[in-house]
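# Structural description and commentary
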Amino acid sequence: MPPNSVNTMEIDDPISSSSEEESDFSSDEETAPQNRKAQTIDKDSDEEELERFVLGDTANFRENLFRDESRVDGVDPRSGRGGDGEDSEAESGLEDVDDADLFTFDIGGTVPSGGKELVATTATKVDETSDKDVPAWEDSDDERLTISLVDTTQLRKLRISEAEDVVSGTEYARRLRQQYLRLNPLPEWAREAEGRPAKRRRRSSAATSDSDLSDDATVNDVEASTLPLDAFLRDASALKDRTAHGIRKLRPEVIDIQRSRDIPDTHKEEVTSLAFHPEYPVLLSSSTSSVMHLHHIAPTAHPTPNPLLTSAQVKHVPVRRAQFLYPTGDKIFFAGRRRYIHSWDLTTGTIQKTSQMQGHQLEQRTWERFRLSPCGQYIGFIASTRKGGGVINILNVNTMQWIAAARLDSRGGIIDFSWWGNSHGLTILGKGGQVGEWSMASRRFLAIWNDEGSNGGTAMALGGPNGPVVLGGDRWIAIGSNSGVTNIYDRQALIMPSSDEELEIKERPEPTRRFMQLTTPVTILTFSPDGQLLAFGSRHKKDALRLAHLPSCTVYRNWPTEQTPLGRITDVAFGRKSDLLAVGNDIGKIRLWEIRS
């Protein structure tokens, strides 16, 4: 047999056997696996290598799972050479270049509109940010954008110099953020949270984790910054400003005053009374619409500046006066033109009504003209009767029982009165200009003197430290009249030298200064707590308000101006640190000004 025929038979044998297997597989399914296994052909090296490249294998997968596919053991798979050669250095020259810099986009030309060139300045360097301030995503196209700061009028304020014109998109976004923070600065609570160091607590056990500690600190901060109303009524210590400031001195003639954020809630009728809390930044306001508001003075609060804490409404009581009970301020006394008075306990939220004044019910037909003593023990009411002059009934605040009465022989009755700074007496102003110094200890007048040139008193106020101790320690007394003239007296100069123990005061003293800036009856006289400012005004004329400096007794000439939005002023109040001025008008609005040293 020829050799070729032999080879042909050897090659055809597998084919014939394979055809027989197919017939056996179709005829008998049970014996098919055994025949297939018996006839399996072993894979050669080329087939195994091809299968490993295409499908992979277990060993190769585990070996290359955490390796850089571009380089394994210093070998470049594209070239098969090591990474230390010269060719490798030439190929890896762009490995540190950002992907965005490897491509360019056609945006219609590289020169900005108008042929203006992008000016690079040293001030346009982007501020370095901490890890927590890194943006989650940045648009690479911002660097290719160009914005002109001259073509648009609103963008000129973003320039650093007048020669600057075109900036990149990234720089433009940064300057917009800076301008926004200038107009809307971070609130105080946010700045304190950023500047507060991380709290370190000693672990009580090994099971305590850092995440639990951070979560607890966050919860405590949130609860402290968002106290609900009921928590405020129970304890207002969270609103207390614990920062201590030294005594500041104001200069005369020109005052540094800037308008702050107004109170957001407007009364439906005229504002009748304003008062600041003696310890916390809280403003009390009332109106004849029978509504009282308590606002937290926080101009930087978000989202609403000076937010409303709570309000109270007593039907059928047009509130004419409301005042905090000193020195703690935990109660508010308010009254209208009615034969009773209410007290609002902020701790419990209850409102109590008092309508009886035993033995003096006929004298007291209306209760809205009252004053609380600085010590918080007494409350005085101007009686409605004018028989025999005028009467002030004094009650105990705790029991609301009558304890004394001060009667001034003045034609037309009593117009106004003020408690001494130490609460040991009263200074009473009669309508005819008589001024009486009444002592709580002796229950009598120590002296009576007359306001110089008075044609009818309308208002009176005491204020300022370092006054005569025998008269309560108040240095200044201001008296307003129907003619619009305000006289201010130094109480140290009122006392005449005497060898006797009896107090002697000049019967017709000369005022230290006369303020004649108003032409209508004076209805507002208020001293600042530090005694450096006096606000005097009239509700009978629009924008009739002035500020005077003490002890120089000069009126500030730079405020208010013709553009100052005051309106017809109904009441004025100074902040507890003399750094705020609240002004209420006849349309129910309350505006605030910040007084700077």
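Okay, so let's go over this structure. Quantities reported herein were computed from a predicted structural model and do not represent experimental measurements.

Within the protein, the regular secondary structure consists of ten helices and 30 strands. With 597 residues in all, the protein has 38% of them scored as buried. Restricting to contacts in the protein with at least 6 residues of sequence separation, those with at least 24 account for 50%. Accessible surface, the protein: about 35900 Å² in total, of which carbon and sulfur atoms supply 49%.

Relative to the helices and strands, Glu437 resides in strand E18 (residues 434–439). Within the local environment of Glu437, its side chain forms a polar contact with the side chain of Trp420, the two groups lying 3.4 Å apart. Of the polar contacts made by the side chain of Glu437, one reaches the side chain of Trp449; its length is 3.4 Å. The contact partners of Glu437, leaving out residues within four places of it in the chain, are Trp420, Leu426, Thr427, Arg444, Phe445, Leu446, Ala447, Trp449, Leu471, Arg491 and Ile505.

Attention now moves to the sheet that holds strand E16 (residues 414–419). Where strands meet in a sheet, backbone hydrogen bonds hold them as pairs that are either parallel or antiparallel. The antiparallel open sheet is built from four strands, whose spatial order is E16-E17-E18-E19. Each edge of the sheet is formed by a strand with only one pairing partner; in this case those strands are E16 and strand E19 (444–450). Recorded for the sheet is a direction-independent mean angle of 20° between the axes of neighbouring strands. Alignment of E18 against E19, held across six bridges, turns out to be antiparallel. Bridge pairing links Gly436 to Ile448 in E19.

Within strand E10 (residues 341–345), five of the five residues are buried, leaving the element largely enclosed by the surrounding structure. Of the two faces of E10, the one carrying Ile341, Ser343 and Asp345 and the one carrying His342 and Trp344 are both buried. Pairing between strand E9 (residues 331–336) and E10: four bridges, direction antiparallel. From the neighbouring strand, Ile332 faces E10, where its bridge partner is Trp344. Taking the residues that link successive antiparallel strands as the turn, the E9-E10 hairpin has four residues. By the bridge criterion, four bridges tie E10 to strand E11 (residues 351–354) in an arrangement that is antiparallel. Counterpart to Ser343 in the pairing with E11 is Gln352. Connecting E10 to the antiparallel partner E11 that follows it, the hairpin turn spans five residues, and Gly349 within it adopts a positive phi of roughly 80°.

Our focus in this paragraph is the packing of aromatic side chains. The full count for this structure, using the stated rule, is six aromatic pairs. Geometrically, the ring pair formed by Trp367 and Phe381 is edge-to-face, given 5.1 Å between the ring centres and 70° between the ring planes. With Trp367 in the loop between E11 and strand E12 (370–372) and Phe381 in strand E13 (residues 378–382), this residue pair connects regions lying 14 residues apart in the sequence. Like Trp367, the residue Phe381 is buried in the burial classification. Aromatic side chains Trp449 and Tyr489 sit 5.1 Å apart centroid to centroid with 70° between the ring planes, which places their arrangement in the edge-to-face category. Taken together, the residues span a long stretch of sequence, with Trp449 in strand E19 and Tyr489 in strand E22 (residues 486–490) at a distance of 40 residues.

Of note, the amide linkage connecting His302 to Pro303 takes the cis form, showing an omega dihedral of 5°. Turning to its location among the elements, Pro303 is positioned in the loop between strand E6 (291–296) and strand E7 (308–313). Note the cis peptide between Tyr326 and Pro327, where omega equals 0°. Inspection of the secondary structure assignment puts Pro327 in the loop between strand E8 (319–324) and E9. A positive phi angle, close to 50°, is found at Asn306, a residue other than glycine. Here Asn306 is to be found in the loop between E6 and E7.

Let us now look at a nonpolar patch on the surface. There is a patch of nonpolar side chains on the surface, built from Leu50, Phe53, Val54 and Leu55 and spanning about 500 Å² of accessible area. As for its position among the elements, Phe53 is in helix H3 (residues 45–54). Judged by relative accessible area, which is 64%, Phe53 ranks as exposed.

This part takes up the nonpolar core. Among the nonpolar cores identified, the biggest contains 18 residues, and Leu547 and Leu581 are the most heavily contacted of them. Contributions of two or more residues to this core are made by strand E25 (533–537), strand E26 (545–549), strand E28 (569–574), strand E29 (580–585) and strand E30 (590–596). Discounting chain neighbours no more than four positions away, the residues touching Leu581 are Leu547, Trp559, Val572, Ala573, Phe574, Arg591, Leu592, Trp593 and Ile595.

All right, on to the sheet that holds E8 then. Spatially, E8-E9-E10-E11 is the arrangement adopted by the four strands of the open sheet, whose pairing is antiparallel. Because the sheet does not close on itself, it has two edges, and the strands there are E8 and E11. Between one strand and the next, the sheet's axes are offset by a mean angle of 20°, whatever the strand orientation.

Taken together, the side chains of Asp42, Asp44, Asp46, Glu47, Glu48 and Glu49 present a region of like negative charge at the surface. Position of Glu48 among the secondary structure elements: in helix H3.

Turning to its location among the elements, Glu164 is positioned in the loop between strand E1 (146–148) and strand E2 (166–168). At a separation of 2.5 Å, a polar atom in the side chain of Glu164 contacts the side chain of Arg175.

Within the structure shown, the criterion is met by 16 salt bridges. When the shortest N-O distance is used, the salt bridge between Arg175 and Glu171 registers 2.7 Å. Of the two residues, Arg175 and Glu171 are both situated in helix H6 (residues 169–183); the distance of four residues between them amounts to about one turn of the helix. Here Arg175 and Glu171 have matching classes, each one buried. Here Arg407 ties to Glu363 by a salt bridge, and the two come within 3.9 Å at their closest N and O atoms. Of this pair, Arg407 sits in strand E15 (residues 402–408) while Glu363 sits in the loop between E11 and E12; the two residues are 44 residues apart in sequence, bridging distant segments of the chain. Overall, the relative accessible area of 44% leaves Arg407 in the partly exposed class. Beyond isolated ion pairs, a larger network of salt bridges with shared partners links Glu164, Glu171, Arg174 and Arg175.

Turning to the environment of Glu269, a few remarks are in order. Summarising the element assignment, Glu269 is placed in the loop between strand E3 (256–259) and strand E4 (271–276). With relative accessibility at 38%, the residue Glu269 sits in the partly exposed group. Between the C-alpha atom of Glu269 and that of Ile587, which follows or precedes it by 318 residues, the distance is 5.9 Å. Glu269 has contacts with Ser287, Thr288, Ser289, Asp586, Ile587 and Gly588, leaving out every residue within four places of it along the chain. At a separation of 2.4 Å, a polar atom in the side chain of Glu269 contacts the side chain of Thr288.

About the cut-offs
Residues numbered from 1 in each chain as written. Predicted model: local features only at pLDDT ≥ 70, side-chain atom pairs only at ≥ 80, totals over all residues. Heavy atoms only, no water. Helix = DSSP H or I, 4+ residues; strand = E, 2+ residues; numbered from the N terminus. Buried < 20%, exposed > 50% of the residue type's maximum accessible area, 1.4 Å probe, protein only. Contact = heavy atoms within 4.5 Å. Areas by Shrake-Rupley, 256 points an atom, 1.4 Å probe, with all protein chains shown as cover. Polar contact = N/O pair within 3.5 Å; in protein donor to acceptor, adjacent residues only side chain to side chain. Pairing = 2+ DSSP bridges. Axes fitted to C-alpha atoms, helices over the stretch in contact; angles between N-to-C directions. Phe/Tyr/Trp six-rings, centres within 6.5 Å; stacked < 30°, edge-to-face > 60°. Patch = residues over 30% accessible without salt bridge, like charges linked within 9 Å, V, L, I, M, F, W, Y side chains within 5 Å. Salt bridge = Lys/Arg side-chain N within 4 Å of Asp/Glu carboxyl O. Core = buried A, V, L, I, M, F, W, Y, C linked by side-chain atoms within 4.5 Å. Lys, Arg positive; Asp, Glu negative; His and termini not counted. Charge placed at Lys NZ, Arg CZ, Asp CG, Glu CD.

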